[in-house]
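Observations on the model geometry
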2 protein chains.
Amino acid sequence: MKDVAAAAGVSLKTVSRVVNGEANVNETLRTAVLESIAELGFRPNAGARGLRQGRSGTVGLLLEDVADPFYSILSRAVEEVAREHGTMVFAGSSAEDPARERELALAFCERRVDGLIVVPAGASHSYLLPEMRAGIPVVFVDRPPGDIEADMVLTDNTGGTRRGVDHLLAHGHRRIGFIGDAPEIYTAGERLRGYREALESAGIDFSDELVTQAPPNPESTAAALDRLLAGPSPATALLCGNSRTTVSVLRELARREASLALVGFDDLELGDLLQPGLTVVAQDPAAMGAAAARLLFQRITGGPPGDAAGDASGPTQTITIGTRLIARGSGEIPPP
Amino acid sequence: MKDVAAAAGVSLKTVSRVVNGEANVNETLRTAVLESIAELGFRPNAGARGLRQGRSGTVGLLLEDVADPFYSILSRAVEEVAREHGTMVFAGSSAEDPARERELALAFCERRVDGLIVVPAGASHSYLLPEMRAGIPVVFVDRPPGDIEADMVLTDNTGGTRRGVDHLLAHGHRRIGFIGDAPEIYTAGERLRGYREALESAGIDFSDELVTQAPPNPESTAAALDRLLAGPSPATALLCGNSRTTVSVLRELARREASLALVGFDDLELGDLLQPGLTVVAQDPAAMGAAAARLLFQRITGGPPGDAAGDASGPTQTITIGTRLIARGSGEIPPP
DNA sequence: CTGAAAGCGCTAACAG
DNA sequence: CTGTTAGCGCTTTCAG
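These numbers were taken from a predicted model, which means no experiment stands behind them.

Before going further, it helps to examine the overall build of chain A. Scanning chain A for helices and strands turns up 12 helices and 12 strands. Relative to the globule expectation of 20 Å for 336 residues, the C-alpha radius of gyration of chain A, 26 Å, shows a markedly less compact shape. Taken across its 336 residues, chain A has 54% of its residues classed as buried. As displayed, chain A has an accessible area near 14,500 Å², and 50% of this comes from carbon and sulfur atoms. Each charge class in chain A can be summarised by its mean position, and for the 32 positive and 44 negative side chains these summaries are 4 Å apart.

As structure tokens, this is what we get:
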């Protein structure tokens, strides 16, 4: 920039003004500066600007895995909102490892991101408190933070499974199984709750042998299926608590050449091409990402408390995103 | 950092030494500094450090769409390699828009990324020349750059389709259709070439009416299918040039309750669960991302020309990643 | 082993 | 409308 100033025969500040599109610059000088910029291939250093302005024009996005379709769609939605704010996004995968989550989050903070969107992997997030007090707003997505208060964007998990069970009930099922994730996981607990509530509303007793809570790997899922289909009155329908479980169940059913009514939680890309088509309770990762990003930028650009345009320090907000039941066949199979 | 120094009663430089783990610091002072750091919740400002050192510890990754499974897997692989180098990655989606690609690439450069990995959307990349000359290494992935020379990581597209056609030939097909993407797209051209070569090697005449080059949307694909299946000697097998086309074909075949031997280029998540299972020529996006990232860091950390550990200014390299044929059923359907 | 001074590239605050 | 000065937070250089 010094060079540009010299080449154009003006001061540093004038170049700065031109670069930042400030008014009050003589047209002649402006064109001279622009010419020098083009000639020298000058590109302003955003890092240096950030140092001065206290804003980096970046946000951090911490997911379990950027390669997982759910998160990659969420990610794209965050990117689009960030783009509207001239902001770039750092994305990182925690790989469900709390230590790695923390390491990444703090690395983002060292880069002085203007804000952080986090899908929690760990159960404790107090390590973020100093950063939050230092002015970095944090929004949690998909799951609440462990031991702090902050903005959140969640799926209506309970409502989702309730809807799924209601659907199976409406198709005549009374023995409905549920295979959910490990109970430590927030979403797993909420989804199980919806399952129980739906049964209760229908006046059907909750039965332990119809429910399994286990990690969504093929082995646990196969074992869970065994349990469900054994005994004198086996399940005639099944609700899967997450998409990986759904995939494991589908593979296992294909292997056994067995079939039962099936509703998955969270959609799968090619669900419509399976036979029968896969009925799901669909989440909306794009809406979650967009909501989280909007909330974050509201905090980042937020005015004083009570400001109409957004409040940087107001009380924490929780946004709940609804689910949608998509009937494609598998959930409409009648009981035998 | 100033505050830490004051609190610990030492100079700025000593704190800097401790933070950077330099040797030659008195143990007593070191612990005093570490205590102050913990007390004040101090976190070094990576941007300021970068300003001084001329390195930001970031790289930019420019894809068509971070939400596309192919790219999100590639993305994760880049992230893992970057992690080994203590580097964070900015990811951005060009949405196949050359203007947006350029805008993003230059925004990354303003953030002074240490390097850039680009999946080209546009046909011209000379706009990157000044940045490359200024010392930002760029690696292109999946497609070559438009009008400059640079490192690249490509799929063996030609070999891939050759393999797919050979597979169908081996299963007795002689009328093999090909639906590929628009010919302007590099990969589309390469894949078509492989198709032709395979037919030629088998001594089968290339027939225009068996080939369609069109965007992979449902309408064009349906029209292409019409052409292939019409006439006196319709295609008995089909090779799809990309995964979106494959999905469109599968939907269209399901709608028509038609069937023919099918091999897709690029794998689909649930390909094994379809009926029949989907036979594909699989690319390896993770290997592509990892190779690109390794190449990039070789340039970033590269020594002088000829250096064994990597050469920052050596001649451009092209890495070709092979494909793998995965037979699952659809590609083994015999001709009627 | 430690510290003081200079400066990375830029902009805020204040002159002219 | 334009320029000067100071300093963002850190590291490099060189002197103790």
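What follows is about the UniProt feature "domain: HTH lacI-type" (unreviewed entry) in chain A. Sequence positions flagged by UniProt for "domain: HTH lacI-type" (unreviewed entry) are, in local numbering, residues 1-53 of chain A. Split by type, residues 1-53 of chain A is 70% helix and 0% strand. Its first and last C-alpha atoms lie 17 Å apart.

Let us look at the pairing of strand β1 (residues 58-63) of chain A. Residue and element names in this part refer to chain A. Of all 6 residues in β1, 6 are buried, a share of seventy percent or more. Of the two faces of β1, the one lined by Thr58, Gly60 and Leu62 and the one lined by Val59, Leu61 and Leu63 are each fully buried. Note: β1 against strand β2 (residues 88-93), 6 bridges, orientation parallel. Its bridge partner lying in β2, Leu61 is registered against Ala91. Read as a crossover between parallel neighbours, the route from β1 over helix α5 (residues 69-84) to β2 is right-handed.

Moving on to the environment of A:Glu103. Mapped onto the elements, A:Glu103 comes out in helix α6 (residues 98-110). At 2.8 Å, the side chain of A:Glu103 forms a polar contact with the side chain of B:Arg83.

Right, let's talk about the nonpolar core for a bit. Soluble globular proteins: nonpolar side chains tend toward being buried together. Within the largest apolar cluster, 78 residues are counted, with the highest numbers of intra-cluster contacts made by A:Val165, A:Tyr195, A:Leu238, B:Val165, B:Tyr195, B:Leu238 and B:Leu262. Other than its neighbours up to four places away in sequence, A:Tyr195 contacts A:Thr161, A:Val165, A:Ile176, A:Gly177, A:Phe178, A:Phe206, A:Leu210, A:Val211 and A:Leu239. Counting 38 residues, the second largest nonpolar core, distinct from the first, contains B:Ala105, B:Phe108, B:Tyr127 and B:Ile148.

Here we come to the pairing of strand β6 (residues 176-180) of chain B. Residue and element names in this part refer to chain B. Burial within β6 is extensive, with 5 of its 5 residues counted as buried. Here β6 shows no split at all, with Ile176, Phe178 and Gly180 on one side and Gly177 and Ile179 on the other all buried. As paired elements, β6 and strand β8 (residues 237-240) share 4 bridges and run parallel to each other. Bridge assignment links Ile179 to a residue of β8, and that residue is Cys240. Sheet topology places β6 next to strand β7 (residues 211-213); 3 bridges connect them, and they run parallel. Across the sheet, the residue bridging to Gly180 is Gln213, located in β7. Between the parallel pair β6 and β7, the chain is carried across by helix α9 (residues 186-201), and the sense of this crossover is right-handed.

Before going further, it helps to spend a moment on the protein's contact with DNA strand D. Residues in contact with DNA strand D amount to 23 residues; listed here are only the nearest, A:Thr14, A:Asn26, A:Arg52, B:Met1 and B:Lys13. Within 4 Å of the protein, the contacting atoms of DNA strand D are 63% sugar and phosphate, with bases supplying the remainder. A distance of 2.7 Å separates a phosphate oxygen of DNA strand D from a polar atom in the side chain of B:Ser16. Among the elements of the structure, α2 (12-19) and α4 (46-53) of chain A together with α2 (12-19) and α4 (46-53) of chain B are those that each provide at least two residues to the surface near DNA strand D.

Calculation rules
Residues numbered from 1 in each chain as written. Chains lettered and ligands numbered in written order. Predicted model: local features only at pLDDT ≥ 70, side-chain atom pairs only at ≥ 80, totals over all residues. Heavy atoms only, no water. Helix = DSSP H or I, 4+ residues; strand = E, 2+ residues; numbered from the N terminus. Rg over C-alpha atoms; globule rule 2.2 N^0.38 Å. Buried < 20%, exposed > 50% of the residue type's maximum accessible area, 1.4 Å probe, protein only. Areas by Shrake-Rupley, 256 points an atom, 1.4 Å probe, with all protein chains shown as cover. Lys, Arg positive; Asp, Glu negative; His and termini not counted. Charge placed at Lys NZ, Arg CZ, Asp CG, Glu CD. UniProt positions renumbered as here; feature names shortened; annotations may be inferred. Pairing = 2+ DSSP bridges. Right-handed = clockwise from strand over helix to strand, strands pointing away. Polar contact = N/O pair within 3.5 Å; in protein donor to acceptor, adjacent residues only side chain to side chain. Core = buried A, V, L, I, M, F, W, Y, C linked by side-chain atoms within 4.5 Å. Contact = heavy atoms within 4.5 Å. Near = heavy atom within 4 Å.

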